[in-house]
Amino acid sequence: MDGGIVLVKRNAEPFVNDWCLPGGFIEAAEHPAESAAREVFEETGLEVQVSRLLDASAPGRGINVVILFYEALPVGGNLIAGDDASDARVFKQHELPSNIAFDLHRQIIHRWFEKAAERERSR
C-alpha cells in the first residue's frame, strides 16, 4: 500500500484502542498462510496474497503460542475495519501511532520498515 503498513485498532481486551497488526488463530486443517490471508480479510476487508514469512516468534516465556508474521500484498477488497477492530488504516513509518499494542508487533513493524528502506536504497 504505497510503502505503508496496515494496522487495526483493537476493540477488545487487551489493549482496547491500541493499534496492532491484523492477526488471529489458525482454524483446523488450515495452512498458516491461508489463515493469515483470512484474518487480514476479516479484520481489514482487504484480499491479500501472502508473499513471505517474516518471522516466527513466541510472545514470551511460559506462553505456549507461536506467532507467525507474514508479508502480504493487497490484491482486492476495500480497507475497512472488521468485527475485531474499530478502525483500519495504512501508516507510513513517520505516521506510526505511539500506542502499538504489543512489543513483538512494534519490533516486527520496525524491522519491516528498516528492510523496506534497505531495499529502496539498493535500487
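None of these values were measured; they are calculated from a predicted model. Sequence order as written defines residue numbering, which begins from 1 separately in each chain. Per-residue local features of the predicted model are confined to residues with pLDDT of at least 70, and side-chain atom pairs are confined, for both listing and counting, to 80 or more; whole-chain, interface and lining totals are unaffected and use all residues. The side-chain values count all of the structure's non-hydrogen atoms but skip hydrogen atoms and water molecules.

Engineer: Just checking my understanding: could you explain a nonpolar patch on the surface for this structure?
Structural biologist: Together, Ile26, Leu53, Val66 and Leu68 make up an exposed nonpolar region whose accessible area comes to about 360 Å². Topologically, Ile26 is positioned in the loop between β2 (19-20) and α1 (32-44). Patch membership needs two things, relative accessible area over 30% and no salt bridge, and members are linked within 9 Å if like-charged or within 5 Å if nonpolar (Val, Leu, Ile, Met, Phe, Trp, Tyr). Note on areas: Shrake-Rupley with a 1.4 Å probe; residue coverage comes only from the protein chains shown. Salt bridges are identified by distance alone: a Lys or Arg side-chain nitrogen within 4 Å of an Asp or Glu carboxyl oxygen. Secondary structure elements are taken from DSSP: a helix is a run of H or I of four residues or more, a strand is a run of E of two residues or more, and numbering for both begins at the N terminus.

Engineer: Can you help me understand the packing of aromatic side chains in this one?
Structural biologist: Aromatic rings from Phe, Tyr and Trp, taking only the six-membered ring of Trp, are treated as a pair when their centres fall within 6.5 Å; an angle between ring planes under 30 degrees marks them as stacked, one over 60 as edge-to-face, and anything in between as tilted. With the rule as written, the count across this model stands at three aromatic pairs. Seen from their ring centres, Phe15 and Phe102 are 5.3 Å apart, and the 90° between their planes marks the pair as edge-to-face. With Phe15 in the loop between β1 (5-10) and β2 and Phe102 in the loop between β5 (85-91) and α2 (103-121), this residue pair connects regions lying 87 residues apart in the sequence. Type-normalised accessible area, obtained with a 1.4 Å probe on protein chains alone, sets the label of each residue: buried when under 20%, exposed when over 50%, and partly exposed for intermediate values. The class for Phe15 is partly exposed, based on a relative accessible area of 38%. Both rings, one in Trp112 and one in Phe113, keep their centres 5.0 Å apart while their planes meet at 80°; by these two values the pair is edge-to-face. An identical accessibility class is assigned to Trp112 and Phe113; each is buried.

Engineer: Would you mind showing me how to read the environment of Glu71 here?
Structural biologist: Locating Glu71 in the fold gives a position in strand β4 (residues 67-77). Classification of Glu71 by relative accessible area gives buried; the value is 14%. As for Glu71 and Asp84, which are separated by 13 residues in sequence, their C-alpha atoms are 20 Å apart. Sequence-distant contacts of Glu71, that is, excluding residues within four places in its chain, are made with Gln49, Val50, Ser51, Arg52, Leu54, Trp112 and Arg119. Polar side-chain contacts of Glu71 include one of 2.7 Å to the side chain of Trp112. Contacts are residue-level and defined by heavy atoms, with any inter-residue pair within 4.5 Å sufficient. In the analysis that follows, any N or O atom pair within 3.5 Å is treated as a polar contact, provided that within protein one partner can donate a hydrogen and the other can accept it, and provided that, for residues neighboring in sequence, both atoms belong to side chains.

Engineer: Can you help me understand α1 in this one?
Structural biologist: An α-helix turns once per 3.6 residues; consequently, residues spaced three or four apart project the same way. Compared with an ideal rise of 1.5 Å per residue, which puts 13 residues at 18 Å, α1 spans 18 Å between its outermost C-alpha atoms and is within 8% of the ideal. What α1 keeps buried is the set Ala33, Ser35, Arg38, Glu39, Val40, Glu43 and Thr44. Looking at the buried positions of α1, the neighbouring elements they touch are β1, β3 (46-57), β4 and β5. Expected span of a helix: the number of residues minus one, times 1.5 Å.

Engineer: I would appreciate a short explanation of the side chain of His105 in the present structure.
Structural biologist: Its place among the elements puts His105 in helix α2. Accessibility expressed as a relative area gives 10% for His105, which makes it buried. Look past the residues within four positions of His105 in its chain and what remains in contact with it is Cys20, Leu21, Phe69 and Ile100.

Engineer: Sorry if this is basic, but what is going on with the side chain of Glu30 here?
Structural biologist: Structurally, the position occupied by Glu30 is in the loop between β2 and α1. Taking relative accessible area as the criterion, Glu30 reaches 16% and is therefore assigned buried. Ignoring anything within four residues of it in the chain, the contact list for Glu30 reads Phe25, Ser35 and Arg38.

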